[in-house]
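Here are the chains, one letter per residue:
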Amino acid sequence: MTVLTIVHMGHPVLARPARPVADPTAPEIARLAADMVDTLAATTGVGLAAPQVGVDLRLVVLNAPAARGEAVPLTILINPWLEVLGRECESAYEGCLSLPGLTGVVPRAWRIRYGGVGLDGAAVVREAQGFHARLVQHECDHLDGRLYVSRMADLSTLAYSQQLLRLQAEAQPQDRPA
Ligand code: NI
């Protein structure tokens, strides 16, 4: 088990397009993917892109357990692509392991088709909507050197998650016995 260091906003690898993976079945790609799965598992995050561990390659890992809302199965996608379906957009809070502690409202396409190549070299094609589609859009943005803040329509919603949670707790009536 190898947990890699996650780089934060300000590292140049997060601000430039990543390179395509030449051979998705290469052993070093399998090793990188396994390390990224371990790294993601050590966080509260639901997705990780290779640039976030300082690697300039087009590879993402998705894994959203059902316990934290809508589930997205563990998926390793190499050279991913996505296509927006329909015109419907949804705005929702997003966070990023490369911007620890922060969250902001980001408009995203509601429905997409996406795909890429798995570690076995086989093509993957899926349709997704809502949270799942948002996650894929967020991770693919990383491969183009974009962070969610650059997608925000209203920067005044950028916030520290802990502050929002504190406000939420204060707003709720203390109806549970101690
Ligand atoms: Ni991110």
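Because the structure is predicted, anything quoted here is derived from the model rather than measured. (Residues numbered from 1 in each chain as written. Predicted model: local features only at pLDDT ≥ 70, side-chain atom pairs only at ≥ 80, totals over all residues. Heavy atoms only, no water.)

## As for the overall build of the chain
For clarity, the threshold we go by: Only DSSP runs of H or I with at least four residues qualify as helices, and only runs of E with at least two residues qualify as strands; both kinds are numbered from the N terminus onward. Each radius of gyration is computed over the set of C-alpha atoms, and the globule rule expresses the reference value as 2.2 Å times the number of residues to the power 0.38. Working rule for contacts: check all heavy atoms of both residues, and any pair within 4.5 Å makes them a contact. Areas reported as accessible are Shrake-Rupley estimates using a 1.4 Å probe. Residue values count occlusion only from the protein chains shown. Within this scheme the basic residues Lys and Arg register as positive and the acidic residues Asp and Glu register as negative, but His and the chain ends are omitted. The atoms used to mark charge sites are NZ of Lys, CZ of Arg, CG of Asp and CD of Glu.
Counting its secondary structure elements, the chain contains three helices and six strands. Taken from N to C terminus, the helices and strands of the chain fall in the order α-β-β-β-β-β-α-β-α. A compact globule built from 178 residues should have a C-alpha radius of gyration of about 16 Å, and the chain, at 17 Å, falls within 12% of that. By principal-axis analysis of the C-alpha atoms, the chain measures approximately 55 × 40 × 30 Å. When contacts within the chain are restricted to residue pairs at least 6 apart in sequence, long-range pairs at least 24 apart make up 64% of them. A total accessible area of about 9,600 Å² is found for the chain, and carbon and sulfur atoms account for 56% of it. Each charge class in the chain can be summarised by its mean position, and for the 15 positive and 18 negative side chains these summaries are 3 Å apart.

## A short note on the nonpolar core
Stated precisely, the cut-off is as follows: The criterion is simple. A nonpolar core is a set of buried Ala, Val, Leu, Ile, Met, Phe, Trp, Tyr and Cys residues joined through side-chain atoms within 4.5 Å. We call a residue buried when its accessible area falls under 20% of the maximum for its residue type, exposed when it is over 50%, and partly exposed in between, using a 1.4 Å probe and counting protein chains only.
Val60, Leu62, Ile112, Tyr114 and Val136 are the most contacted members of the largest nonpolar core, which has 17 residues in total. Of all elements in the fold, only strand 2 (59-64), strand 3 (72-94), strand 4 (102-117) and helix 2 (130-143) reach the threshold of two or more residues within this core. The next biggest cluster of nonpolar side chains, apart from the first, holds 16 residues, and it includes Ile29, Ala33, Leu40 and Ile76.

## Examining the environment of Gly101
Relative to the helices and strands, Gly101 is located in the loop between strand 3 and strand 4. Once residues within four sequence positions are removed from consideration, Gly101 is found in contact with Ala159, Tyr160 and Ser161.

## Topic: the pairing of strand 4
Here is the rule we go by: Strand pairing follows a simple DSSP-based rule, namely that at least 2 bridges must link the two strands.
Across 12 bridges, the pairing between strand 3 and strand 4 is antiparallel. Residue pairing for strand 4: Leu85 is matched across the bridge by Arg111. Here two bridges tie strand 4 to strand 6 (residues 159-160), and the two strands are oriented antiparallel to one another. The residue bridging Leu102 from the neighbouring strand is Tyr160, located in strand 6.

## Concerning helix 1 (residues 27-41)
Operational definition: Each helix should span, by expectation, one fewer than its residue count multiplied by 1.5 Å.
Between the first and last C-alpha of helix 1 there are 21 Å, a value that for 15 residues agrees with the 21 Å anticipated at 1.5 Å per step. Taken together, the buried positions of helix 1 are occupied by Ile29, Leu32, Ala33, Asp35, Met36, Asp38, Thr39 and Leu40. Residues of helix 1 that are buried in the fold lie against strand 1 (47-49), strand 2 and strand 3.

## As for the pairing of strand 3
Here five bridges tie strand 2 to strand 3, and the two strands are oriented antiparallel to one another. Paired with Leu59 across the two strands is Ile78, which belongs to strand 3.

## Some remarks on the pattern of salt bridges
Formally: By definition here, a salt bridge exists when the distance from a side-chain nitrogen of Lys or Arg to a carboxyl oxygen of Asp or Glu is within 4 Å.
Under the counting rule described, the total for this entry stands at 10 salt bridges. One salt bridge connects Arg58 with Asp144, and the closest N-O pair in it is separated by 2.8 Å. Highlighted residues: Arg58 in the loop between strand 1 and strand 2 and Asp144 in the loop between helix 2 and strand 6, separated in sequence by 86 residues. Residue classification places Asp144 among the partly exposed positions, given a relative accessible area of 42%. In this structure, Glu90 engages Arg134 in a salt bridge whose closest nitrogen and oxygen atoms are separated by 3.9 Å. One end of the pair, Glu90, is in strand 3; the other, Arg134, is in helix 2, with 44 residues separating them in the sequence. The exposure class of Glu90 is partly exposed, given its relative accessible area of 32%. Each of Glu90, Glu94, Arg108, Arg134, Asp141 and Arg151 takes part in a single network of salt bridges with overlapping partners.

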